[in-house]
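# Examination of the molecular architecture
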Amino acid sequence: MSEAAAPAGDIPPFRYTAAMADEIERRWQDTWEREGTFHAPNPTGPLADPGHPRAGAEKLYVLDMFPYPSGAGLHVGHPLGYIGTDCFARYQRMAGRNVLHAMGFDAFGLPAEQYAVQTGTHPRTTTVANIERYKAQLRRLGLAHDERRSVATIDTDFYRWTQWIFLQVFNSWYDADARKARPIAELTAEFAAGDRPTPDGRAWAELSPAEQRRIVDDHRLAYVSQAPVNWCPGLGTVLANEEVTADGRSDRGNFPVFKRNLKQWMMRITAYGDRLLDDLDTLDWPESIKLQQRNWIGRSTGAHIDFPTGTTDSGVAGGARIRVFTTRPDTIFGATYLVLAPEHELVDALTPAVWPAGTRDAWTGGHAGPREAVEAYRKAAAAKTDVERQADTKEKTGVFVGAYATHPVTGGQIPIFIADYVLAGYGTGAIMAVPAQDERDWAFAEVFELPIVRTVQPADGFDGKAYTGDGPAINSAAPERGLDLDGLGVADAKAATIAWLEANGHGVGAVTWRLRDWLFSRQRYWGEPFPIVYDATGAAIALPEEMLPVELPEVDDFSPKTFDPDDADSNPETPLSRRRDWVEVELDLGDGPQRYTRETNVMPQWAGSCWYELRYLDPTNAAHFVDPENEAYWMGPRAEGDCGGTDLYVGGAEHAVLHLLYARFWHKVLYDLGHVSSFEPFRKLFNQGMIQAYAFRDSRGTPVPAEEVVEVDGRWMHGEQEVTREYGKMGKSLRNVVTPDDMCAAYGADTFRVYEMSMGPLEVSRPWETRAVVGSYRFLQRVWRAVVDEQTGTLRVTDAPADTETRRLLHRVVDGVRTDMEGIRFNTAIAKLIELTNAVTRLEQTPREVAEPLVLMLAPFAPHVAEELWRMLGHDTSLAYADFPTADPALLVADTVTYPVQVNGKVRGRVEVPADAPQEAVRAAALEAVASALAGKEPRKVIVVPGRLVSVVA
RNA sequence: GCGGGAGUGGCGGAAUGGCAGACGCGGUAGGUUUAGGUCCUAUUGUCCGAAAGGACGUGGGGGUUCAAGUCCCCCCUCCCGCACCA
């Protein structure tokens, strides 16, 4: 790849080479920085600039998912999205909009910390160095960012506001009636005024301060809970549900994760389940991402139904009630047994000492008594890993607990089972089984010979087992009990059943969620400290705003305590707890100096990315995290009911339920509290594709450097050795990494940018092919040559008007490129520019009326060479704010049209007619053109598609 | 299993139901050059044909239509997500 860079002796002195590109690019990057070319004016504050050419113009906020500055640096896949947003932003700026585009760094978190641990240096040292390296790499690409707005989550100026937002969350509660968060002080006031009953009904004033605090704390959106959490000894920290894969391992590092009952900080994201789900409809996001969020949130609407139980020696006086959750209350007449999760809390109480009379052998699991059977089943279920459980989904297992429940409508006795196909963590951990309308229940009923009663009439021709479709209810009448569903459709039957349950005290309509509260604390060092201290009673107390930021202290040993990855019984230990002098602190929080203990957990890596897009808007504001006027301008709703948010957000699809869900949650809290005017952070989301690469292995399976492999007669050769080819991510270990630095050295940043944008639609993943980059290089050389004489360096541009054909082509291209740019179809936009360039290349001299628009249209993709040519064309200011060319509609319609003429669907001739020729004339000319193909036959039908073609049916 | 997306030349990819393969890579031929490379020109879906031209072609099979890569039905393959969520 170095041959393109090495100037051979006979290369013309003014040819566009990699060396020249390098000189041009660095010079323009310096110019842009010196002149602050890409500074976007704010409406107010230090970044306001009323004299700016775009001050007060229609705004556009373009955002990239900001990077983790990893130690490995960038490969050619990383900047794909950044180049895409840059091309879009540059186009929109030229099209007249005030464009905000900035780049920051997500620098707290595990990877940065792990890299630091590996290299034995402080995470801040390595992270800052990595950020500098990223910045240099990105600068080399000529990205038009407003560098004044760059932030890093590790800056105290930044994380002081992350902590401030945490305090907003902590000091809020969710008012379910108002469907919004409100300040916690308003809750306390309602309790004190008696407007809101306390949990046990006593007057607020009668409660001790500790009791009052407990009640208030139970309402906070950020709270401490003692609950089963995901403990990952291999990482030495707990993890959120979103960070644990389906097979029970850590998303990062792939370590085993165990359920441990630990005290941890949680965020009450479940309070926002409805809005997080419903507001997806307002977003312009890829359907697949919306679907992933819908699935993750997992709202199920149905009912809780109570089934009374009475066992002889269960110890439950008068019998307990088993509360089940179902989405199909309409099928209650088909409920022929109950199933509890093996871990369900009532199982022990329900299980008698001996099998009741008439217990079938199949139900006992071969055990002499129900207690042995239950214990054996639980043991077997607990021993199974999640993976094994999933593998066993076909064969249903379970055991009868030896007790019966009373059907709330029919009064019949139905057996109670435990089975691992019912999950303890979902709904109530208990179901009513309706085999006729549920495939899982049907499968279980087959194994255990349980009755199956159809209560929905299957559609005609249905020959399956369980029927889950819609249809009229059957076998569903108990007039003596006041419930008759027969004939009702599913929806009506559900409503009728819920009404009956509620009226008769047997249940209540209910909604359950798959979404759990967000586990927010991590036992790591490299994160934002909590602005929380504990008093002598152990109560968590928010530090006042003026004590922010709580700076991350230095520690001798920043590495987390990690454990044997399989040691489920290990206990987390926070690195910050080692700094006792930091942990123990004397503060005056209003009632005199007192001793407090600091929270030693840190926030998860997601905290900073939950709101960084807001800080770009007003990065220097010391009084607010963002000035409301600036937020309203850049992100506010455009119309009544509009969600607001960034106008374009580009990033990978892998954050579907992590960052994108958490950020929406925080944004909604800030919205409820009146700090922002938009109720969604990202209006339009675009997932860029992944650039992958081929890797090659020799006969021993060892990867060989991909750049040294050549194709010979369809075989892949590394020297004399044949190697095998595979396709996947770029990585050091596969020896197939290509970096932007390589490409900039060999061809220049502009060529690299054009290549990445032209290789396919931005959203599509594609293989990297270094040898194809030369095509973009040649393209830029042809543009250069169209403007500059390679031998003399003088202009080849003429002021004489272009010929009509060239002028029409220009305007067609202008029109097409504008449409493509608006639609983020850069590959086809570049193809059109190449066509135009190839057309002018053939001309003796390039008309200025073509050269100038060509250079302007090229500018979003190849900004440096475009600026250089623009200057050579006689302009003394940057083209960043030049008007993007506009097509003359009159030149888009041709004088004449050439119609292909089809006979029976095949093109048999062509006819050129005036564009305004009447259809009759087109028809006549067409028939004449294909007269020989018709061989004198009279056409049965002639279809003239204006401007398109003529179709003759013979 | 369920849901989503996608199958077009040797490769990446273009095509409001209207001439399939824009544009680029690669290949072939020629020009420039001492040579190679660069650069330029032409050509490049497959098959038949000397050519003119013709036939066939968008994963497979049916259908709608004057006309289907595009719309409808069935099937196959690949990728992604979820995975007993009641």
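Details of the structure are given in the entry above.
Scoring rules and cut-offs
Every chain is numbered on its own, with residues counted from 1 as its sequence reads. Chains carry letters and ligands carry numbers; both start at the beginning, A for chains and 1 for ligands, and go up in the order they are written. The predicted origin of the model limits local features to residues at a pLDDT of at least 70 and limits the giving and counting of side-chain atom pairs to 80 or more, whereas totals for whole chains, interfaces and linings rest on all residues. Think of the side-chain values as coming from all heavy atoms in the structure, minus any hydrogens and water. Any residue with a heavy atom lying within 4 Å of a molecule or strand is counted as near it. We call two N or O atoms a polar contact when they sit within 3.5 Å, provided that within protein one can donate a hydrogen and the other can accept it, with sequence-adjacent residues counted only if both atoms are side-chain atoms. Each helix is a run of H or I in the DSSP string that is no shorter than four residues. Each strand is a run of E no shorter than two, and both are numbered from the N terminus. Amino acids outside the nonpolar list (Ala, Val, Leu, Ile, Met, Phe, Trp, Tyr, Cys, Pro) and the charged list (Asp, Glu, Lys, Arg) are all regarded as polar, and Gly is one of them. For two strands to pair, DSSP has to find at least two bridges joining them. It only takes one pair of heavy atoms within 4.5 Å for two residues to be counted as in contact. Lines fitted to C-alpha atoms define the axes here, with helix axes fitted over just the stretch in contact, and angles between the N-to-C directions of these axes take values from 0 to 180 degrees. Using a 1.4 Å probe on the protein chains alone, a residue whose accessible area is under 20% of its type maximum counts as buried, one over 50% counts as exposed, and one in between counts as partly exposed. By nonpolar core is meant a set of buried Ala, Val, Leu, Ile, Met, Phe, Trp, Tyr and Cys residues that side-chain atoms within 4.5 Å join together. Salt bridges are defined as contacts in which a side-chain nitrogen from Lys or Arg sits within 4 Å of a carboxyl oxygen from Asp or Glu.

## Here we look at the protein's contact with RNA strand B
Within the structure, RNA strand B sits among 55 residues, and Ser300, Thr327, Arg440, Pro761 and Arg778 are positioned closest to it. Taken together, the sugar and phosphate atoms account for 59% of what RNA strand B places within 4 Å of the protein. In this structure, asparagine 827 approaches RNA strand B through a side-chain N or O atom, which is 3.1 Å from a phosphate oxygen. If you tally residues by element for the surface near RNA strand B, the top one is helix H25 (residues 826-841), at six residues. Across the surface near RNA strand B, the residue classes tally to 22 nonpolar, 14 polar and 19 charged.

## A few points about the sheet that holds strand S7 (residues 258-267)
Taking strand neighbours across the sheet as the criterion, the four strands line up as S6-S5-S7-S17 in an open arrangement whose pairing is antiparallel. Pairing within the sheet leaves two strands with one partner each, and these edge strands are strand S6 (237-239) and strand S17 (518-519). Bridge analysis of S7 against S17 gives two bridges, and the strand direction is antiparallel. Residue methionine 266 lies in a different strand from S17, and its bridge partner there is leucine 519. Against the sheet, helix H5 (residues 156-170) makes contact with strand S5 (222-232) and S7, and its axis sits at roughly 95 degrees relative to S7, the strand it touches most.

## Thoughts on the pairing of strand S22 (residues 648-651)
Along S22, one buried face is formed by Leu648 and Val650 and the opposite face, lined by Tyr649 and Gly651, is buried too. Both strand S1 (residues 59-64) and S22 contribute to a ladder of three bridges, which runs parallel. If you follow valine 62 over to S22, its bridge partner there is leucine 648. Judged from the three bridges that link them, S22 and strand S23 (residues 685-687) form a sheet pairing that is parallel. Residue pairing for S23: valine 650 is matched across the bridge by phenylalanine 686.

## A look at the sheet that holds strand S18 (residues 532-534)
As summarised here, the arrangement of the four strands in space is S19-S18-S21-S20, forming an open sheet in which the pairing is antiparallel. Each having just a single partner strand, strand S19 (540-542) and strand S20 (584-588) make up the two edges of the open sheet. For this sheet, the mean angle separating the axes of adjacent strands, direction not counted, is 50 degrees. Across five bridges, the pairing between S20 and strand S21 (residues 593-598) is antiparallel. Along S21, the bridge assignment pairs glutamate 586 with arginine 595.

## Some details on the nonpolar core
Residues Phe166, Trp518 and Trp768 are the most contacted members of the largest nonpolar core, which totals 191 residues. Sort the elements by how many residues they give to this core and H5 lands first, with nine residues. Dropping the residues within four chain positions of it, tryptophan 518 is found in contact with Ala240, Trp265, Met266, Met267, Ile269, Pro604, Trp606, Cys610, Tyr662, Phe665 and Trp666.

## What about the pattern of salt bridges?
Close approach of charged atoms allows side chains of opposite charge to pair. Enumeration over the complete set of coordinates arrives at 55 salt bridges. When the shortest N-O distance is used, the salt bridge between aspartate 146 and arginine 148 registers 2.8 Å. For aspartate 278, the salt bridge identified is with arginine 299, shortest N-O distance 2.9 Å. Of this pair, aspartate 278 sits in helix H8 (residues 273-278) while arginine 299 sits in the loop between helix H9 (287-297) and strand S8 (300-308), and the two are 21 residues apart along the sequence. Judged by its relative accessible area of 32%, arginine 299 is partly exposed. Linked through salt bridges whose partners overlap, the residues forming this network are Lys59, Arg638, Asp642, Asp647 and Arg683.

## Side note on unusual backbone geometry
Most peptide bonds take the trans configuration, and most residues that are not glycine carry a negative phi. In this model, leucine 548 is joined to proline 549 through a cis peptide bond whose omega is -5 degrees. Here proline 549 shows up in the loop between S19 and helix H16 (580-583). Of note in the backbone geometry, asparagine 254 takes a positive phi value of approximately 60 degrees without being a glycine. When you line up the elements, asparagine 254 lands in the loop between S6 and S7. The phi angle at asparagine 904 is positive, at roughly 50 degrees, despite the residue not being glycine.

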